Amino acid sequence: MKSFRRLLLTLLCALPIPGYSWADQGHTAMWEVAQSLLTPQARQRVDAALAGDKLDMTAVWLDRVRDVGKNEGPLVGDAEAADFIKAFPLHFTWHYVNMPLDVKSYQDATGFTTRDDIVQQINLCIAVLEGKSTQLDARTALRVLVHLVGDIHQPMHCASGFYDVTDPRHPVLRTDPESCLPLKKEKLEDRGANQLFFGPEKYDQMHALWDFELVKQLVGIRNLAKLLQDALPKIDTTTPGDHHTWAEHWAGESVALAKAAYVG
Ligand SMILES: [Zn+2]
């Protein structure tokens with residue numbers, strides 16, 4: 001079994017990855033469903049903002065911009081992406097907010113939230129699209145908004161495990177904001193479960209479980225957008241309150257889901 005897993009890993013690493021991943025599949029499917037819900041008037045404004053865009057990249061543009069830092073992907077050499085990176089050097093932190101598992105809300109997470117976190121950037125995009133900010137152009141704001149509304153619903157994009165390593169052989173997961181704050185200063189966190197590994201050989205990364213594995217297990221060879229579309233009438237998709245408060249509401253929902261995911 002062990003050698004089979006190694007062989008599988010080696011094969012996967014050797015395969016040419018066609019600029020497509022399960023994470024891309026999640027973002028693209030959400031964007032497809034969102035477009036199907038637009039009113040004709042909204043559709044017109046979206047089309048105007050995205051005129052001339054490579055539409056298959058809209059939902060994942062922000063991830064592809066991040067790839068440029070590794071000198072990878074289709075946006076290497078792209079002037080618009082280069083300008084964006086120059087203007088927003090902290091863009092790679094826009095995808096998440098690392099809150100302790102027991103915060104009651106985004107507002108309760110002082111010391112863990114930043115001006116460049118996912119909630120602030122969703123709100124910035126909304127402000128741009130409402131004509132209240134010119135920090136981004138409308139096309140970039142729409143792309144970033146579409147992407148981040150996907151990311152914020154992935155629980156591991158809103159939470160982090162913080163660890164007391166007084167006994168390094170038995171790290172203890174801390175969840176209340178007060179005891180997590182000094183651990184954050186010492187960087188004793190798993191960064192949205194990116195540094196949390198499980199499974200018999202500790203190959204399985206918890207963040208990736210949510211980005212890729214669960215989607216793969218849920219969907220198999222079926223079409224994720226179609227699956228979501230079919231589920232829509234059966235689930236309550238409304239968010240309470242004014243849309244300017246939705247991002248923090250979603251972040252609060254995600255951290256609660258993340259807490260359940262850390263059990264065990
Ligand atoms: Zn992202």
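Here, the structure is the one placed above.
In this text the structure is predicted, and so the values were computed from the model without any measurement.

Participant: Please set out the coordination of the zinc ion residue by residue, giving values where relevant.
Facilitator: Summarising the metal site, the zinc ion is bound by the protein donors His95 (ND1), His147 (NE2) and Asp151 (OD), whose distances to it range over 2.1 to 2.2 Å. Look at where the donors of the zinc ion fall in the sequence and you get H-x51-H-x3-D. Separated by 52 residues along the polypeptide, histidine 95 in the loop between helix H5 (79–87) and helix H6 (118–129) and histidine 147 in helix H7 (residues 138–152) bring together distant segments of the chain. In terms of burial, histidine 95 and histidine 147 fall into one category: buried.

Participant: Which residues make up the nonpolar core, and what are the values?
Facilitator: Ranked by size, the top nonpolar core spans 45 residues in total, and within it Trp61, Phe84, Trp94, Met99, Ile122, Leu136 and Ile152 carry the most contacts. Going through the elements one at a time, helix H4 (61–68), H5, H6, H7, strand S1 (162–164), helix H8 (177–185) and helix H11 (246–262) are the ones with two or more residues in this core. If one sorts the elements of this core by residue count, H6 sits on top with 7 residues. Leave out the neighbours within four places in its chain, and tryptophan 94 touches Leu62, Phe84, Phe88, Asp116, Asp117, Ile118, Gln121, Leu136, Val144 and Leu148. Among the nonpolar cores identified, the runner-up in size contains 7 residues, and Trp31, Ala49, Leu50 and Ala59 belong to it.

Participant: Please provide a residue-by-residue account of the packing of aromatic side chains, values included.
Facilitator: Applying the stated criterion across every chain, the model contains 6 aromatic pairs. On the basis of an interplanar angle of 70 degrees and a centroid distance of 5.1 Å, the ring pair of tryptophan 61 and phenylalanine 84 is categorised as edge-to-face. Of this pair, tryptophan 61 sits in helix H4 while phenylalanine 84 sits in helix H5, and the two are 23 residues apart along the sequence. On the accessibility criterion, tryptophan 61 (3% relative accessible area) is buried. Owing to a relative accessible area of 5%, phenylalanine 84 belongs among the buried residues under this scheme. Ring-pair connections join several aromatic residues into one group, and the members of that group are Trp61, Phe84, Phe88 and Trp94. Over the ring of tryptophan 61 we find arginine 143, and its NZ or CZ is 4.4 Å from the ring centre.

Participant: How would you summarise unusual backbone geometry if you had to cite specific residues and measurements?
Facilitator: A positive phi angle is found at asparagine 71, which is not glycine, with a value near 60 degrees. Along the chain, asparagine 71 turns up in the loop between H4 and H5. Taking relative accessible area as the criterion, asparagine 71 reaches 62% and is therefore assigned exposed.

Reading guide: rules and limits
Residues numbered from 1 in each chain as written. Predicted model: local features only at pLDDT ≥ 70, side-chain atom pairs only at ≥ 80, totals over all residues. Heavy atoms only, no water. Donors = N, O, S within 2.8 Å, 3.2 Å for Na, K, Ca; no water. Helix = DSSP H or I, 4+ residues; strand = E, 2+ residues; numbered from the N terminus. Buried < 20%, exposed > 50% of the residue type's maximum accessible area, 1.4 Å probe, protein only. Core = buried A, V, L, I, M, F, W, Y, C linked by side-chain atoms within 4.5 Å. Contact = heavy atoms within 4.5 Å. Phe/Tyr/Trp six-rings, centres within 6.5 Å; stacked < 30°, edge-to-face > 60°. Lys NZ or Arg CZ within 6 Å of the ring centre and 35° of its normal.

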